[in-house]
Amino acid sequence: MNIPVWFEITALVVLVLILIGDLLLVRLRPHIPSTKESSLWVAFYVGLALIFAVLLYFVAGGQFAGEFLTGWALEYSLSIDNLFVFVLIMAQFSVPRRLQQQVLMVGIIIALVLRGLFILAGVAIIENFSPIFYIFGAFLIWTAVRQAMPEGDHEGEAKRENFIVRLLRRRIDISEEYDEGKLRTVVEGRRMWTPMIIVFVAIGVTDLMFAIDSIPAIFSITHNSFLVFTANIFALMGLRQLYFLLGDLLDRLRYLHYGIAVILGFIGVKLILHAMHVNELPFINGGQHIEWAPDIPIWLSLTVIVASMGVATIASLVASSNERRRAPEELHPEPPTH
């Protein structure tokens with residue numbers, strides 16, 4: 001079975017309308033969402049993704065539904081890593097909390113545009129150059145090793161963004177204060193950019209880097225550009241609410257980068273095995289397919305993704321809880337007994 005064209009068009013129109021509605025909601029009602037509000041929105045978007053998977057099952061079959069569900073779980077897991085860098089950017093540029101929703105929504109739109117371009121390029125490359133999977137796989141394994149480093153790579157990402165920001169500061173006049181959500185303001189009769197322009201550039205650079213990591217990864221799950229794009233849309237749609245829901249909890253997820261490293265490493269190996277299975281390079285096995293190289297099934301990929309995130313999250317929360325229990329004992333040790 002194939003995915004009907006009418007279903008693809010209808011789904012994309014509905015998703016675009018939801019995104020526009022979300023953008024208008026942020027624009028017309030800027031506020032700091034409560035935990036309850038954020039929880040309901042996250043549940044809504046997760047439920048929407050699951051309903052979409054069920055509809056795919058009935059319209060196009062279990063194979064496409066499984067590929068979407070696994071791709072969405074993969075992209076959702078990797079998008080959580082974005083939140084750590086978003087927290088750094090918000091703190092670095094002292095973005096008022098009431099404006100953070102707008103910043104995140106613009107960041108999500110930038111991410112969707114960039115990922116759409118990467119997806120189109122990826123599909124074209126894959127159709128004309130199948131050995132690209134060797135490169136994708138090696139890149140993801142390298143990314144996994146970098147992600148697993150003790151202090152992660154988030155600080156380094158922030159420094160790279162600072163370089164872009166420094167170039168921007170030298171080119172244009174930027175005011176010291178925010179003017180609500182405006183990009184332009186007037187200071188002592190002069191038209192100037194607000195710091196919001198810097199924040200948007202920093203978010204855009206971050207989105208670009210994460211697109212470079214995530215798009216090769218999802219192509220290990222499916223080559224269908226519609227499924228790749230919708231999985232990315234569903235993963236990013238609830239990211240704004242997830243940012244406020246997790247809040248300070250992000251600081252407690254100390255082992256999450258290990259879970260993400262395991263996922264990226266697994267996907268990297270999967271891509272290389274797939275490249276070997278469909279091998280066409282003349283200097284590898286005489287240009288013939290390597291039959292013993294398995295194609296890892298979708299269910300196993302989904303299991304690894306869910307298990308890695310689950311174990312990393314539980315281990316982080318347990319370690320954080322133990323640390324909090326020990327803190328009062330260290331501040332107020334029991335007196336020695338004689």
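Because the structure is predicted, anything quoted here is derived from the model rather than measured.

Draft legend 1. Fine view of the packing of helix H3 (residues 62-92) against helix H11 (residues 256-277). Running from N to C, H3 and H11 point in directions that differ by 140°, and their axes come no closer than 11 Å. Classed by the angle they form, the pair H3 and H11 counts as oblique. Taken as a pair, H3 and H11 cross one another with a handedness that is left-handed. Packed against H3, whose contacting residues are Leu-74, Ser-77, Leu-78, Ile-80, Asp-81 and Phe-84, the element H11 presents Leu-256, Ile-260, Ile-263, Leu-264 and Ile-267 at the interface.

Draft legend 2. Broad picture of helix H7 (residues 196-218). In a regular helix each residue adds 1.5 Å, so 23 residues correspond to 33 Å; H7 covers 32 Å between its end C-alpha atoms and thus fits that length. Taken as a whole, H7 carries its principal kink of about 30° at Ala-211.

Draft legend 3. Quick look at the packing of aromatic side chains. Scanning the model with the defined rule gives 15 aromatic pairs in all. Taking 5.9 Å as the distance between ring centres and 85° as the angle between the ring planes, the aromatic pair formed by Trp-6 and Phe-7 counts as edge-to-face. Judged by relative accessible area, which is 54%, Trp-6 ranks as exposed. Geometrically, the ring pair formed by Tyr-57 and Phe-58 is edge-to-face, given 5.4 Å between the ring centres and 85° between the ring planes. Taken together, the ring pairs in this structure connect Trp-6, Phe-7, Phe-52, Phe-68, Phe-226 and Phe-234 into an aromatic cluster.

Draft legend 4. Fine view of the pattern of salt bridges. If you walk through the whole model with that rule in mind, you get 1 salt bridge. Between Arg-115 and Glu-75 there is a salt bridge whose closest N-O contact spans 3.2 Å. Of this pair, Arg-115 sits in helix H4 (residues 100-128) while Glu-75 sits in helix H3; the two residues are 40 residues apart in sequence, bridging distant segments of the chain. Residue Arg-115 shares its accessibility class with Glu-75, and that shared class is buried.

Draft legend 5. The confidence of the model for the protein chain, seen in detail. This prediction gives the protein chain a mean pLDDT of 80; 89% of its residues lie at or above 70. The lowest-confidence element of the protein chain is helix H6 (residues 154-171), averaging 61 in pLDDT; the highest-confidence one is helix H2 (residues 35-60), averaging 90.

Draft legend 6. The arrangement of the nonpolar core in detail. Grouped together as the largest cluster of nonpolar side chains are 97 residues, with contacts concentrated most on Leu-56, Phe-68, Leu-74, Phe-234 and Ile-267. No other element matches H3, which puts 15 residues into this core. Setting aside chain neighbours within four positions, we find Ile-267 in contact with Leu-74, Leu-140, Ala-217, Ser-220 and Ile-221.

Draft legend 7. Region of interest: the environment of Phe-84. Checked against the element boundaries, Phe-84 lands in helix H3. Under the relative-accessibility criterion, Phe-84 is labelled buried at 16%. Taking the C-alpha atoms as reference points, Phe-84 and Tyr-243, 159 residues apart in sequence, are found 9.1 Å from one another.

Draft legend 8. Highlighting the pairing of strand E2 (residues 190-193). Pairing of strand E1 (residues 184-187) with E2, which is carried by 4 bridges, proceeds in the antiparallel orientation. Among the inter-strand pairings, Val-186 is bridged to a residue of E2, identified as Arg-191.

Here is what the cut-offs are and how they apply
- Residues numbered from 1 in each chain as written.
- Predicted model: local features only at pLDDT ≥ 70, side-chain atom pairs only at ≥ 80, totals over all residues.
- Heavy atoms only, no water.
- Axes fitted to C-alpha atoms, helices over the stretch in contact; angles between N-to-C directions.
- Helix = DSSP H or I, 4+ residues; strand = E, 2+ residues; numbered from the N terminus.
- Parallel < 35°, antiparallel > 145°, perpendicular 65-115°, else oblique.
- Left-handed = near helix turned anticlockwise from the far one by under 90°.
- Contact = heavy atoms within 4.5 Å.
- Expected span 1.5 Å × (residues − 1).
- Bend = angle between axes of the 7 residues up to and from the residue.
- Phe/Tyr/Trp six-rings, centres within 6.5 Å; stacked < 30°, edge-to-face > 60°.
- Buried < 20%, exposed > 50% of the residue type's maximum accessible area, 1.4 Å probe, protein only.
- Salt bridge = Lys/Arg side-chain N within 4 Å of Asp/Glu carboxyl O.
- pLDDT = per-residue confidence, 0-100.
- Core = buried A, V, L, I, M, F, W, Y, C linked by side-chain atoms within 4.5 Å.
- Pairing = 2+ DSSP bridges.

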